[in-house]
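Summary of the model geometry
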Amino acid sequence: QVQLVESGGGLVQPGGSLTLSCVASGRIFRFNAMGWYRQAPGKERELVALISFSGEPNYADSVKGRFTISRDNAKNAVSLQMNSLKPEDTAVYYCWRGVVVAGTKQGPETWGQGTLVTVSS
């Protein structure tokens, strides 16, 4: 059983930056992919970014060039550096850990509780 704990959410002005972090604990399969999803009010949860164990990232088109996902396998952690934030980035961001095969999620997965990011002036 794996637990994911997110941190780093908060209020930031448009154009600003924020970094989210997620640390996994418990029975960890270190070769899992990790990533971030988000859900804005009235919208469905959407993928923001995924990163493989080897460090290969995949981003949603809406955040390409602005967000950077990275991971520290030794610490079983993943981070999301968010730059040039826009009001539409406002959402609860959820850390995710699981298996991705050929670009498809498979098998058990774990979700964090979420951390709120609010982009507003």
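See the structure above.
Quick notes on the rules
Residues numbered from 1 in each chain as written. Predicted model: local features only at pLDDT ≥ 70, side-chain atom pairs only at ≥ 80, totals over all residues. Heavy atoms only, no water. Core = buried A, V, L, I, M, F, W, Y, C linked by side-chain atoms within 4.5 Å. Buried < 20%, exposed > 50% of the residue type's maximum accessible area, 1.4 Å probe, protein only. Helix = DSSP H or I, 4+ residues; strand = E, 2+ residues; numbered from the N terminus. Contact = heavy atoms within 4.5 Å. Salt bridge = Lys/Arg side-chain N within 4 Å of Asp/Glu carboxyl O. Pairing = 2+ DSSP bridges. Axes fitted to C-alpha atoms, helices over the stretch in contact; angles between N-to-C directions.

**Structural notes on the nonpolar core**
- Among the nonpolar cores identified, the biggest contains 27 residues, and Trp36, Leu80, Met82 and Tyr93 are the most heavily contacted of them.
- For this core, the elements supplying multiple residues, two or more each, are strand S1 (2–7), strand S3 (18–26), strand S4 (33–39), strand S5 (46–51), strand S7 (67–72), strand S8 (77–82), strand S9 (91–101) and strand S11 (115–119).
- Per-element tally for this core: the top contributor is S3, with four residues.
- Discounting residues that sit within four places of it in the chain, Leu80 has contacts with Leu18, Thr19, Leu20, Trp36, Val48, Ala49, Phe67, Thr68, Ile69 and Tyr93.

**A short note on the pattern of salt bridges**
- Across all of its chains, the model carries five salt bridges by this definition.
- Put simply, Glu46 and Arg38 hold a salt bridge, and the shortest N to O gap is 2.8 Å.
- Of the residues examined, Glu46 reaches a relative accessible area of 36% and is grouped as partly exposed.
- Residue classification places Arg38 among the buried positions, given a relative accessible area of 5%.
- Taken together, the shared-partner salt bridges in this structure form one network comprising Arg38, Glu46, Arg66 and Asp89.

**Focus: the sheet that holds S8**
- Spatially, four strands are ordered S1-S3-S8-S7 in an open sheet, and the strand pairing comes out antiparallel. Bordering the open sheet on either side are S1 and S7, each of which pairs with just one other strand. If you compare each strand with its neighbour and ignore which way they point, the axes differ by 15° on average.
- Pairing analysis gives six bridges linking S1 to S3, with the strands arranged antiparallel. Bridging across to S3, Ser7 finds its partner in Ser21.

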